[in-house]
Amino acid sequence: RTRRLVKMTRTALIVSTARTGLAKSFRGGFNNTHGAVLAGHAIKHAISKAGIDPAKVEDVLLGCGMPEGATGMNVARNAALWAGCPVTTSGTTINRFCSSGLQAIAMAAHSIIVDGVPCAVGGGVDSISLVQQKAFDPKSGVVESSLLSHPVHKALWMPMIDTADLVAERYGVSRERQDEYSLISQQRTAEAQKKGLFDDEIVPLPTKMLVKDKETGKVSEQEYVVTKDECNRSDTTLDGLAKLKPVNIDKNPKATVTAGNASQLSDGASACVLMEEKEVEKAGLQPLGRFDGFAVAGCSPEEMGIGPSIAVPRLLQRHGLHRRIGIGSRSEHVTTRTESGRH
């Protein structure tokens, strides 16, 4: 007897989103806030905005660039429980460095489309303040000797500033071009904040930050509430950017990446609730967006910043879009990453 396979068409929709503000790492409001709190806060409010029972969330998928320490121990599961989800809600933590959160959302959507999951949460979290210095300690065993001795693979441990300088030189992204784009980015962010465009997505989080007395060196706790993104500089000028010294200029005379055209190190978290289309209709919810596809692409590790310039055309080609995109988003960790993608 032959069994016929019937393909069921399922669609994953995003129904709500919530995030913390972005606080400066080490000296900002989240410099002593555990990753489960950051992510749990975002998850809790994303679920609340969707107006659904937390028990309906079958799985929580969180991306994390450094899933160790305060963002380790499967922070996704920990954050789900912190957010008030029952123990029946599972969780998994995903790492693809800069695109970890995006990967988590894609995988949440895939679980809905392929595996029949009715509702899942996707998002991301990172605490540079509590994790980075310990994670990159040479004694922590972060490097692997055979890869580190390989002429190409050793760049897996190459600092992002170094890769950015290399990409700038290799693809002809001048210092002036980097500064000009950085100014545009700062102006766009400031204008968006002024218009309140981020207000609906940011949920203020009361916390205790560590503050160091400049005169005595004593560190104390201070009550603080992160209500907005605190890492941008609305008073940035092109002249001011031009005066900044490249970070690597002492070891690389061709260096062009500065503190002004590279992003601020930040702590924060974001989460969104995804549901299958029929579940959304049944609940009477208004979706924010639909998941249509996802693509990744590898490149040589010393120029990892050009990855999007390979992955995005691949995704567009597979969906027959041919660059017909109305609104898009790209990572701006360093300006060379954004500008090299224009080639």
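Residues numbered from 1 in each chain as written. Predicted model: local features only at pLDDT ≥ 70, side-chain atom pairs only at ≥ 80, totals over all residues. Heavy atoms only, no water.

(A) Seen up close, the pairing of strand 6 (residues 205–212). Where strand 6 and strand 7 (residues 219–226) come together, eight bridges link them in antiparallel fashion. Each bridged residue has a counterpart across the sheet, and for Lys208 the counterpart in strand 7 is Glu223. Counted along the chain from strand 6 to the antiparallel partner strand 7, the turn is six residues long, and its residue Gly217 has a positive phi close to 80°. (Pairing = 2+ DSSP bridges. Helix = DSSP H or I, 4+ residues; strand = E, 2+ residues; numbered from the N terminus.)

(B) The arrangement of the packing of helix 1 (residues 35–50) against helix 2 (residues 75–82) in detail. At a minimum axis distance of 8 Å, the contact between helix 1 and helix 2 shows a crossing angle of 55°. In terms of orientation, helix 1 lies oblique with respect to helix 2. Viewed along their axes, helix 1 and helix 2 form a crossing whose handedness is right-handed. Seen from helix 1, the contacting residues are Gly35, Ala36, Val37, Ala39, Gly40, His41 and Ile43; seen from helix 2, they are Val75, Asn78, Ala79, Ala80 and Trp82. Class assignment of the residues belonging to the contact of helix 1 with helix 2 gives a composition of eight nonpolar, four polar and no charged. (Axes fitted to C-alpha atoms, helices over the stretch in contact; angles between N-to-C directions. Parallel < 35°, antiparallel > 145°, perpendicular 65-115°, else oblique. Left-handed = near helix turned anticlockwise from the far one by under 90°. Contact = heavy atoms within 4.5 Å. Nonpolar A, V, L, I, M, F, W, Y, C, P; charged D, E, K, R; others polar.)

(C) Region of the structure containing the pattern of salt bridges. Taken as a whole and judged by the stated rule, the model has 11 salt bridges. Across the salt bridge formed by Lys245 and Asp250, the nearest N and O atoms sit 3.5 Å from each other. The two residues Lys245 and Asp250 agree in class, both being exposed. Through salt bridges with shared partners, a single ionic network connects Arg19, Glu201 and Asp229. (Salt bridge = Lys/Arg side-chain N within 4 Å of Asp/Glu carboxyl O. Buried < 20%, exposed > 50% of the residue type's maximum accessible area, 1.4 Å probe, protein only.)

(D) Here's a closer look at the side chain of Gln186. Looking at where Gln186 falls in the secondary structure, it is placed in helix 7 (residues 175–194). A residue is classified by how much of its surface remains accessible, and Gln186, at 17% relative accessible area, is buried. The residues contacting Gln186, other than those within four sequence positions of it, are Asn232, Arg233 and Thr236.

(E) Geometry of the nonpolar core. Counting 33 residues, the largest nonpolar core has Ile43, Ile47, Ile52, Val60, Leu62, Val121 and Val273 as the members making the most contacts within it. Sorting the residues of this core by element identifies strand 1 (12–19), helix 1, strand 3 (59–63), helix 2, strand 5 (119–127) and strand 8 (266–276) as the ones contributing at least two each. The element best represented in this core is helix 1, accounting for seven residues. Leaving out residues up to four positions away in the same chain, Ile47 has contacts with Ile52, Pro54, Val57, Cys85, Val121 and Val273. Formed by 13 residues, the second largest nonpolar core is a distinct cluster that contains Ala12, Ala104, Ile112 and Leu274. (Core = buried A, V, L, I, M, F, W, Y, C linked by side-chain atoms within 4.5 Å.)

(F) Quick peek at a nonpolar patch on the surface. Together, Val142, Val143 and Leu148 line one region of the surface with nonpolar side chains, adding up to about 200 Å² of accessible area. Looking at the element boundaries, Leu148 is found in helix 5 (residues 145–148). Relative accessible area serves as the criterion here: at 37%, Leu148 is assigned to the partly exposed category. (Patch = residues over 30% accessible without salt bridge, like charges linked within 9 Å, V, L, I, M, F, W, Y side chains within 5 Å. Areas by Shrake-Rupley, 256 points an atom, 1.4 Å probe, with all protein chains shown as cover.)

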